[in-house]
Protein chains: 2
Amino acid sequence: MVIDMIETAAIGFALAVAVLALIYLVVQIGRVLGMDNGNQTMQEIAAAIQEGAAAFLNREYTFLAGFVVVVAIIIAVFLEWQIAFSFILGAIASGAAGYLGMFIAVRANVRTAAAASKSLDDGLRVAFNSGSIMGMAVVSFSLLGMTILYFLFDGDIRYITGFGFGASSIALFARVGGGIYTKAADVGADLVGKVEQGIPEDDPRNPAVIADNVGDNVGDVAGMGADLFESYSGSIIAAATLGAVVADGVGIILPFLVAAVGVIAALIGTFLVRADEGASQEDLLGVLRRSIYAASALVLVFTAAVVAIIGVGWNFFAVVLVGLVAGNGIGWFTEYFTSYTEKPTQGIAQKAETGSATLIIEGLAVGMHSTLPPVLIVAVAIMLALWLGGDNGLFAVALAGVGMLSTLGITLATDAYGPVADNAGGIAEMSDLPDEVRDRTDALDSLGNTTAATGKGFAIGSAVLTALALMAAYVQAANIDTLDLLGATMIPGLLVGAMLPYLFAALTMTAVGKAAYEIVLEVRRQFAEIPGIMERTTKPDYKTCVAISTQSALREMIVPGALAVVVPLFIGFLLGAQALAGMLLGAIVSGFVLAVMMANSGGAWDNAKKWIETGVMGGKGSDAHKAAVVGDTVGDPFKDTSGPALNILIKLMSIVSLVFASEFGAGLLNMF
Amino acid sequence: MVIDMIETAAIGFALAVAVLALIYLVVQIGRVLGMDNGNQTMQEIAAAIQEGAAAFLNREYTFLAGFVVVVAIIIAVFLEWQIAFSFILGAIASGAAGYLGMFIAVRANVRTAAAASKSLDDGLRVAFNSGSIMGMAVVSFSLLGMTILYFLFDGDIRYITGFGFGASSIALFARVGGGIYTKAADVGADLVGKVEQGIPEDDPRNPAVIADNVGDNVGDVAGMGADLFESYSGSIIAAATLGAVVADGVGIILPFLVAAVGVIAALIGTFLVRADEGASQEDLLGVLRRSIYAASALVLVFTAAVVAIIGVGWNFFAVVLVGLVAGNGIGWFTEYFTSYTEKPTQGIAQKAETGSATLIIEGLAVGMHSTLPPVLIVAVAIMLALWLGGDNGLFAVALAGVGMLSTLGITLATDAYGPVADNAGGIAEMSDLPDEVRDRTDALDSLGNTTAATGKGFAIGSAVLTALALMAAYVQAANIDTLDLLGATMIPGLLVGAMLPYLFAALTMTAVGKAAYEIVLEVRRQFAEIPGIMERTTKPDYKTCVAISTQSALREMIVPGALAVVVPLFIGFLLGAQALAGMLLGAIVSGFVLAVMMANSGGAWDNAKKWIETGVMGGKGSDAHKAAVVGDTVGDPFKDTSGPALNILIKLMSIVSLVFASEFGAGLLNMF
């Protein structure tokens, strides 16, 4: 009875916080849209990007709507209608957050360019505010959806897992499709524009330039947002599932409370972001870092209050602390390995002296090397959580994941602002704004590159904790007593699981290649067949490039996407629940390391090129720069397509398994 | 009592077979050394290679002797003197096999060149015979050492594990040091010779040309031989350890018997290798394949006889069959993914049209994709072995590994012959032999490239089965009852384990870069300071390049080498036996996939370049060829250093754990 009161109050509090965040959203949207949106040219370019983004999302969501309906029917028939309902709600909530984030991002870009005409701080504020809309949309929609379901289904978490599955499905296609789109457009535009025609980046004569700008948003706003929406929802669901038996049922509400106080902390943190004119890269990074650290500190204070009020053990406070420290630690090391102010990336650039081959070898070596710190951090965090959790060890691991993600409202903001600044630079370039404006947007863009790399490290780390927690929840739900490593199907399961991330990465990399090739052909065709493009007398046909990127990205995402849904079901039904647990674990550990390597190699190559562009080793146009461009191109699908898609793979396979946990049993091929 | 008689007879039979193989060795050595060793120039070049190879091995073995003595003392003090004795014998046996193989290889190269002056068949026979000396030395020395220890220690397999550890230690340094040497010399020679000075490969004016030729032998003869010596010994030890309780003790002798009949089958197979003049690449490959398939068939016939005579279940015959089929299956798929007559490699080459970046992306994608078949094959083989083995499932897995390696005497021969043919081509080039001779050695060399790729796939597959069997033996020896996947230290162990192959690969790739850079500086110095090299009036100073390669390879192998020995001990003593089991399993599954990817990407890039060199896409010197050279250079440390070194990493860590299994307990940091 007392628990019931606490439960109602706690979930009600979380719901109220979600509503509060919604109010922030409405206010912030009004502010951003109310900003000056530049001159005629700027508005035209922005309109083309908006149109392209809308075209992509509309087609993607049309496809997804079909997918969601089919899967919902399957769930309703084979499992329960409540899960199907949650599934649909999760898909809608994730989709809505992505749509809103994109909607704002493609409108904030031109406003950032206009604001940067006034001052660096104005530019930063517009870009960051639009990023915070994405961040807050993700956490508030997620929390809102799950708390409503909680009340609706009287706290039965099993039904709410459907919400996570729905969010995962959207995330899969948003990340994979978006990742293919963004790199296909980028590579395609570069290969013909820069290499063959010798025109600079973001040149309006390039027919693929709008597709490239759309791609930045599709990948890093909608894709990243959906990825973290999934992690955020999944970590809460996993912790609540495992928490049902913890501390007389208080365990089930603790994740919601930690998430809720995190939203408040993030809200406060967003108000700390402002920059002085002439601020250096270091200063700007300091500004963002300070706001994230402040939010982290606030989460701890609030969590302490929560622990005191609801009267659970202080060990759970320590667990949240472990999660927060781990998340920030991973971010710090990611930055170390990928920032060009540090040795690893400079070392890659220096290898350009002996050509692109040695630069690529060094980049791969740095990426591989960079897996050490995040793996150790996650391993130690898990051990600490298990130790602190005592009998509730697995719940503690899941709660650490919630802690890591609690400040997502602001960490995602620092990330989602990147493409806005990138686009703002493109618009400034295309509409011939003064050089000082471009310098300011470049400063913002360069900052965005660093935060994007950090954000990727954070996304991977949280994906691993979430996936592990979901797997633990799956094991519980499937009634598996012990998972004997030397059991009959466990090692085969682990082997197959460890291979899946490689297969998934191979498929997505090949997909980028195919899609980029179609863009290359179209751009070449336009240069050949439309007279006057190079002389600026005729505008190229941007729309066809956008349409081709959209079509090919959606087509190419289907096979890897289906793989992620079908393989766990296939293994589970054929070889049984034990084999599936092995496969999940193999995929999680192997996918973690591969994802970190791909993201960091890619980020480091990108910044090695940027470092050379600052003038070292001969600067732009030198042989060293050419070698670095090759590295950057190899890194593009690494860091923006395949690497991030692995986060989704491991989480989605885990949640599919959790949703269908009760159905697998010993498997059809029950040899043992 | 009856068992004792059977036991003595069986081990005695294995010993007799080992002696028979020794006799074959002596005869074959006499035949190869008795061949015509060419004209004065050829002999001089060969002498330089022989001298360089001897210099490397002498320095390496001096270092290793110190290492072996120190470790032997540690083992004697902390464990038992018998294990230390076996350890030393294992190290000596592996070292002796490697030394003999190298000794012959660097003498057979010039004789192959001389024989190729007569006919293709003569050349093939000399090269293949020298390869078969390496193959037979490995299996006979291993079998001889272990059977002698068996009689000495009255069948106590625990003592004989030391033999495997000794072999592993040699393998580690031979593979890692050899891998660094061969690629540092190769890359260093190419970067200055081909790229800066514009002289062809194998040009005697290149100061690093002898070091490059020495490197081929150091890496692919001594390194590969030590690798497979370890797999061969390890698989027998693991199976015998697990077999002690199988079929009233007959399980312990079955692996020795399967290995012994395999030696006989391989011996017969070697007599089937001969080629007609004008034989195509396909024909030559057919010749080698036919002899391997014949040996495999013979192993099955002989194993059937063994099973009938000693009266164990026919299910064990089926297990050996599974192992053989799996090994050949992995070889087949490796060839498919890396041969330029097939789609994947041609697809990589075609990407050269849009530059080196797209070619590299495609190569990585093909390498990742190629992990699917071997993983599925091994997973299915393990499940079949577990199913066939019933209560003795893990023994059956180990026995499948013995079956896979039973024909090693001949499979290794087809592999070790590669560098001989490669060197023969170099000698033909440097001593201006007629073009038809070079054409013949090129045909042999090209064949060697294919067999080398197949051999690498086979080496990895067998390493995985061996490592898994050793890990299972470790779990038994450490008295671990169940390995609960969700236990406190298991997931952290798996995570750290999965990361280790990446760290190891990163360290070895960086090592190649550093060592190659030292060669580059020396070669540049010689071209600058020694007048008349380019005009062929002065000979370059080959010896200094050999000395630098030797020094840097030995220096760079120490850190990754120590890592492989120290990390399992550290984890075992700190976190306990359970965590170590998790770590081993994580390393095995992750290392398997990464090793396959690296080996196959590297092999495919190499052959993509070779395909372009046959004249497609503009042929040699075209832009496509230049792009393919970049891919090939990236692939060099992949396929010849880091990828193969991962085999050793997973086996060595497993056997270190097995040897120290009784000492770990719950770990010092016993938090749980």
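In short, a report on the structure. Quantities reported herein were computed from a predicted structural model and do not represent experimental measurements.

Cut-offs and rules
- Residues numbered from 1 in each chain as written.
- Chains lettered and ligands numbered in written order.
- Predicted model: local features only at pLDDT ≥ 70, side-chain atom pairs only at ≥ 80, totals over all residues.
- Helix = DSSP H or I, 4+ residues; strand = E, 2+ residues; numbered from the N terminus.
- Rg over C-alpha atoms; globule rule 2.2 N^0.38 Å.
- Buried ≥ 20, exposed ≤ 12 C-beta atoms within 10 Å, placed from the backbone.
- Contact = placed C-beta atoms within 7 Å.
- Least-squares fit on C-alpha atoms with pLDDT ≥ 70 in both.
- Core = buried A, V, L, I, M, F, W, Y, C linked by C-beta atoms within 7 Å.
- Axes fitted to C-alpha atoms, helices over the stretch in contact; angles between N-to-C directions.
- Parallel < 35°, antiparallel > 145°, perpendicular 65-115°, else oblique.
- Left-handed = near helix turned anticlockwise from the far one by under 90°.
- Nonpolar A, V, L, I, M, F, W, Y, C, P; charged D, E, K, R; others polar.

Quick notes on the overall build of chain A
The number of helices and strands found in chain A is 19 helices and 0 strands. Scaling as 2.2 N^0.38, a compact globule of 672 residues should have a C-alpha radius of gyration of about 26 Å, and chain A matches this with 24 Å. Here the C-alpha coordinates of chain A stretch approximately 75 × 55 × 45 Å along the principal axes. For chain A, with 672 residues in total, the buried portion stands at 69%. Counting contacts in chain A only where the partners sit at least 6 residues apart, residues at least 24 apart contribute 86% of the total.

Description of the environment of isoleucine 264 of chain B
All names here are of chain B. Positionally, isoleucine 264 belongs in helix α7 (residues 254-270). Through-space distance from the C-alpha of isoleucine 264 to that of leucine 298 is 8.6 Å; in sequence the pair is 34 residues apart. Beyond its immediate stretch of four places on either side in the chain, isoleucine 264 contacts Val17 and Phe302.

Brief notes about the interface of chain A and chain B
Facing the 61 residues of chain A at the interface are 61 residues of chain B. Secondary structure elements with two or more residues in the side of chain A that touches chain B: α11 (356-369), α12 (372-389), α13 (393-405), α15 (435-477), α16 (490-529), α18 (577-613) and α19 (623-659) of chain A. The dominant element in the side of chain A that touches chain B, judged by the number of residues it contributes, is α16 of chain A, at 14 residues.

Details of unusual backbone geometry
Residue and element names in this part refer to chain A. If you check the backbone angles, aspartate 154 has positive phi at about 55° while not being a glycine. For aspartate 154, the position within the fold is in the loop between α4 (120-152) and α5 (157-197). Using a count of 8 C-beta atoms within 10 Å as the deciding quantity, one classes aspartate 154 as exposed.

Points about the relation of the copies chain A and chain B
It takes a turn of 180° to lay chain A on chain B, together with a shift of 0.0 Å along the axis; the resulting RMSD is 0.0 Å. Taken together, the rotation angle and the small translation identify this as a two-fold axis. Closest to the rotation axis within chain A is the C-alpha of aspartate 484 of chain A, separated from it by 2.6 Å. Take the interface residues of chain A: 100% of them recur as interface residues in chain B, which is what a same-surface contact looks like.

Regarding the nonpolar core
Ranked by internal contacts, the top residues of the largest apolar core, which has 566 residues, are Val397 of chain A together with Val397 of chain B. Residue contacts for valine 397 of chain B: discarding those within four places in its chain leaves Ile382, Ala385, Leu386, Leu465, Leu468, Ala469 and Ala472 of chain B.

Side note on the packing of helix α6 (residues 209-243) of chain B against helix α20 (residues 623-659) of chain B
Residues and elements named next belong to chain B. Interhelical geometry of α6 versus α20 gives an angle of 25° and a closest axis separation of 11 Å. Between α6 and α20, the crossing angle belongs to the class labelled roughly parallel. At the point where α6 passes α20, the crossing takes the left-handed sense. Touching Gly219, Gly223, Asp227, Glu230, Ser231 and Gly234 of α6 are Asp640, Pro644, Asn647, Ile648, Lys651 and Ile655, all from α20. Partitioned by chemical class, the residues of the contact of α6 with α20 number 3 nonpolar, 5 polar and 4 charged.

Quick notes on the environment of alanine 171 of chain A
All names here are of chain A. The topology assignment puts alanine 171 in helix α5. For the pair alanine 171 and valine 420, spaced 249 residues apart in the sequence, the C-alpha separation amounts to 21 Å. Contact partners of alanine 171, with chain neighbours within four places excluded, come to Ser94, Ala226, Asp227, Phe229, Glu230 and Ile648.

In short, the description is geometric, and any link to function would need to be established separately.
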